[in-house]
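Architecture and fold: a report
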Amino acid sequence: MRQLTSVDDRKEQPFIARAITLLVAGTFFMEMLDGTVIATALPRIGRSFGASPVALNVGITAYLLALAIFIPISGWIANRFGARRVFVSAIALFTFASLLCGLSRALWSFTAARVLQGMGGAAMVPVGRLIVLRTTDKRHLVTAIGTIVWPGLIAPVLGPPLGGLIVLHLSWPWIFFINLPLGIAAIALALTLVPNSMAAPERRPLDLIGFVLSGGALALVVGGLEELSGVHRVSTAALTMLAAGIALGVLGVRHLRHHPTPLLDLSPLRFPTFAVVARGGSMLRIAIGSLPFLLPMLFQIGFGLDPLTSGTLVLFVFAGNLAMKVFTTRILRRFGFRTVMIGNGLLAALAVGACGLITRDTPHWLVALTLFLGGAFRSLQFTSLSTIQFADVPPEHMGDANTLSSMLQQLMLGLGVTVGAALLNVSAWVNGRSVGMPSPDDFRFAFFAVALIALVGLLDAIRLDAAAGGHVSGHRPREAAG
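Keep in mind that what you see is a predicted model, and the values were worked out from it rather than measured.

**Comments concerning the packing of helix H5 (residues 83-103) against helix H9 (residues 179-193)**
- At a minimum axis distance of 9 Å, the contact between H5 and H9 shows a crossing angle of 170°. Regarding the angle of H5 to H9, the classification is roughly antiparallel. For the pair H5 and H9, the contacting residues are Arg84, Phe87, Val88, Ile91, Ala92, Phe94, Thr95, Ser98 and Leu99 in the first and Asn179, Leu180, Gly183, Ala186, Ile187, Ala190 and Leu191 in the second.
- Among the residues forming the contact of H5 with H9, the class breakdown is eleven nonpolar, four polar and one charged.

Spelled out as structure tokens, the structure:
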């Protein structure tokens, strides 16, 4: 059997392209899980360091900040040193940082290790997805993107209960040690599967000013959002960070538009399908990002359910995600992106709003059915958005489109948690209740508001052409078919 060394070779071998997609999905799962699994372990980690759980929040913040700062430069690094080399190196850095996290015996060393993890994750997932986009024929892009998407949907749901199980039956370092065999296996598979032709470097000068402006803006915005999500009042420091981040972002966009070789080429925003996801799709990601935060809080704080019952109910969201994967490609081929994004998007928003109608007396089977259907609808919508955004992007702009998409996804999913927490606090404040201890009425307000955000995100999809992305989904409108 001949050795496959080029991108074209991989496209001729669907099995190899599928294996690369599964590999990237696995690394995405590692990254997303590490961002959420730590939450339930903070008290144990804090005791081992002699620090409070609140102080340990710096471990979560440091990870998210490193992701935000270094995602913008990941595309340039991949082009400069080769996607294959960077992908393997990023997995190695993430795995090594996981080892350092587990071996940490002080808060400062733990924080430093989390920063290294964030740096590895910032390159690992965007570059991995770029490899999938380059090695997958567009006819199979829906299936490939759908496979990559599911870790972002299920990891936030599985992370907290998994972290609790590990801490209960083992010890907190194993939260990070489980990445070691996974990382070593991923490195071996990447070296075997990813084509050598992707190692060819592209000489392109580094836009240092663009890196400082974009990285600084993202760091300030993420830091401000984290600050807001950790307090029960309006924080001057958080608002200052957000304002400074927005100001730097405006300067950064202006710089990127006029620089001859920008760190991020904003030209993919000229393509309607990519622009729709950048605008309306970001609103949906806010709604999706809020659910793993709001649902467990509703069940445990609002209704007083025990963690096991709460976790079992939330797992029905995950079940809906998986069930829809079987039908996603056929649905898109039958109805097309525009119809699915509008119709299914409406159902997804209604499913979010339906969570606001759940009461303490609602039968658990009905709660499970509501969450199952909501998980199925959001899975189909997320896959549709994640696929169509690349449908009309030419190969020469694929790297920049991938980096822009990664930044927006990271920011919007993080913003979802902050929006969910802020809505609970706003409802409590308006009704004269104590902020920080939400009631079922506060959760009802939050779910309805998040559903409205998801509905607003559908306005962009209405402007899409009926045939948009047809060469990817295989859908042919009736008039075109006739």
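**A closer look at the pattern of salt bridges**
- The tally for this structure, following the rule as stated, stands at two salt bridges.
- Among the salt bridges present, the one from arginine 279 reaches aspartate 460, with a minimum N-O distance of 3.1 Å. With arginine 279 in helix H12 (residues 272-302) and aspartate 460 in helix H18 (residues 459-462), this residue pair connects regions lying 181 residues apart in the sequence.
- Here arginine 279 falls in the partly exposed class, since its relative accessible area comes to 47%.
- Overall, aspartate 460 belongs to the buried group, its relative accessible area being 9%.
- Note that arginine 444 and aspartate 441 form a salt bridge whose closest N and O atoms lie 2.6 Å from each other. Highlighted residues: arginine 444 and aspartate 441, both in helix H17 (residues 440-456), separated by three residues, approximately one helical turn.

**Thoughts on the confidence of the model for the chain**
- Per-chain confidence: the chain averages 77 in pLDDT, with 78% of residues scoring 70 or above.
- Counting contacts from residues 1-12, a segment whose pLDDT is below 50, to residues more than four positions away or on other chains yields 31 contacts.

**A closer look at H9**
- In this model H9 runs 20 Å from its N-terminal to its C-terminal C-alpha over 15 residues, within 8% of the 21 Å that 1.5 Å per residue would give.
- Among all positions in H9, only Asn179, Gly183, Ala186, Ala190 and Leu193 are buried. Viewed end-on, H9 has its buried residues packed into an arc of 110°, placing them on one side of the element. Within H9, the exposed residues directed more than 90 degrees away from the buried face are Pro181, Ile184 and Thr192.

**Concerning empty space enclosed by the protein**
- By the definition in use, this model includes seven cavities of 30 Å³ or more.
- Here the second largest cavity is characterised by a volume of approximately 140 Å³.
- Taken together, 17 residues line the second largest cavity, and the ones lying closest to its centre are Leu291, Ala348, Val352, Gly374 and Arg378.
- Elements with a minimum of two residues in the lining of the second largest cavity: H12, helix H14 (328-355) and helix H15 (364-388).
- Here the lining of the second largest cavity is composed, by residue class, of 13 nonpolar, three polar and one charged.

**Side note on the packing of aromatic side chains**
- One pass over the structure, following the stated rule, counts four aromatic pairs.
- Pairing tryptophan 174 with phenylalanine 177 gives two aromatic rings, centres 5.6 Å apart and planes at 90°, and the pair type is edge-to-face. Of the two residues, tryptophan 174 and phenylalanine 177 are both situated in helix H8 (residues 174-177); the distance of three residues between them amounts to about one turn of the helix.
- Judged by relative accessible area, tryptophan 174 falls into the partly exposed class, the value being 41%.

**Description of the nonpolar core**
- Counting 53 residues, the largest nonpolar core has Ile20, Phe87, Val127, Ile131, Ala190 and Phe274 as the members making the most contacts within it.
- Counting residues per element, the ones that place at least two in this core are helix H2 (14-36), helix H4 (57-81), H5, helix H6 (107-135), helix H7 (141-169), H9, helix H10 (208-229) and helix H16 (398-430).
- Of all the elements, H6 adds the most residues to this core, at nine residues.
- With residues up to four places along the chain from it excluded, the contact list for phenylalanine 274 reads Pro268, Leu269, Gln389, Phe390, Val393, Ala401, Leu404 and Ser405.
- Of all hydrophobic cores here, the second largest spans 30 residues; its members include Val352, Ile358, Val419 and Ala446.

**Describing H6**
- Here H6 is 29 residues long and its end C-alpha atoms lie 42 Å apart, about the 42 Å a rise of 1.5 Å per residue gives.
- When you tally the buried positions in H6, you get 22 out of 29 residues, the bulk of the element.

**Quick word on a nonpolar patch on the surface**
- Together, Leu346, Leu347, Leu350, Leu452, Leu455, Val456, Leu459 and Ile462 give the surface a local cluster of nonpolar side chains, amounting to about 690 Å² of exposed area.
- For the nonpolar patch, the elements supplying multiple residues, two or more each, are H14, H17 and H18.
- Position of isoleucine 462 relative to the elements: it lies in helix H18.

**Some words on the packing of H12 against H15**
- Running from amino to carboxyl end, H12 crosses H15 at an angle of 155°, the nearest separation of the two axes being 10 Å. Taken together, H12 and H15 sit at an angle that is classed as roughly antiparallel. Here the hand of the crossing between H12 and H15 comes out left-handed. Counting all contacts with H12, which are made through Thr273, Val277, Gly281, Leu284, Arg285, Ile288, Leu291, Leu295 and Phe299, the residues of H15 involved are Val367, Leu371, Arg378, Gln381, Phe382, Leu385, Ser386 and Ile388.
- Of the residues belonging to the contact of H12 with H15, the class tally is eleven nonpolar, four polar and two charged.

**Quick notes on the side chain of serine 384**
- Among the secondary structure elements, serine 384 is positioned in helix H15.
- The buried category is assigned to serine 384, whose relative accessible area is 0%.
- When neighbours within four sequence positions are excluded, serine 384 is seen to be in contact with Leu332, Phe337, Val340 and Met341.

The rules behind each value
Residues numbered from 1 in each chain as written. Predicted model: local features only at pLDDT ≥ 70, side-chain atom pairs only at ≥ 80, totals over all residues. Heavy atoms only, no water. Axes fitted to C-alpha atoms, helices over the stretch in contact; angles between N-to-C directions. Helix = DSSP H or I, 4+ residues; strand = E, 2+ residues; numbered from the N terminus. Parallel < 35°, antiparallel > 145°, perpendicular 65-115°, else oblique. Contact = heavy atoms within 4.5 Å. Nonpolar A, V, L, I, M, F, W, Y, C, P; charged D, E, K, R; others polar. Salt bridge = Lys/Arg side-chain N within 4 Å of Asp/Glu carboxyl O. Buried < 20%, exposed > 50% of the residue type's maximum accessible area, 1.4 Å probe, protein only. pLDDT = per-residue confidence, 0-100. Expected span 1.5 Å × (residues − 1). Arc of directions from axis to C-beta. 1 Å grid on protein atoms, 1.4 Å probe; cavity = no way out; pocket = protein on both sides within 12 Å on 5 of 7 lines; lining within 4 Å. Points joined across faces, edges and corners; volume = space filled by probe spheres on them. Phe/Tyr/Trp six-rings, centres within 6.5 Å; stacked < 30°, edge-to-face > 60°. Core = buried A, V, L, I, M, F, W, Y, C linked by side-chain atoms within 4.5 Å. Patch = residues over 30% accessible without salt bridge, like charges linked within 9 Å, V, L, I, M, F, W, Y side chains within 5 Å. Areas by Shrake-Rupley, 256 points an atom, 1.4 Å probe, with all protein chains shown as cover. Left-handed = near helix turned anticlockwise from the far one by under 90°.

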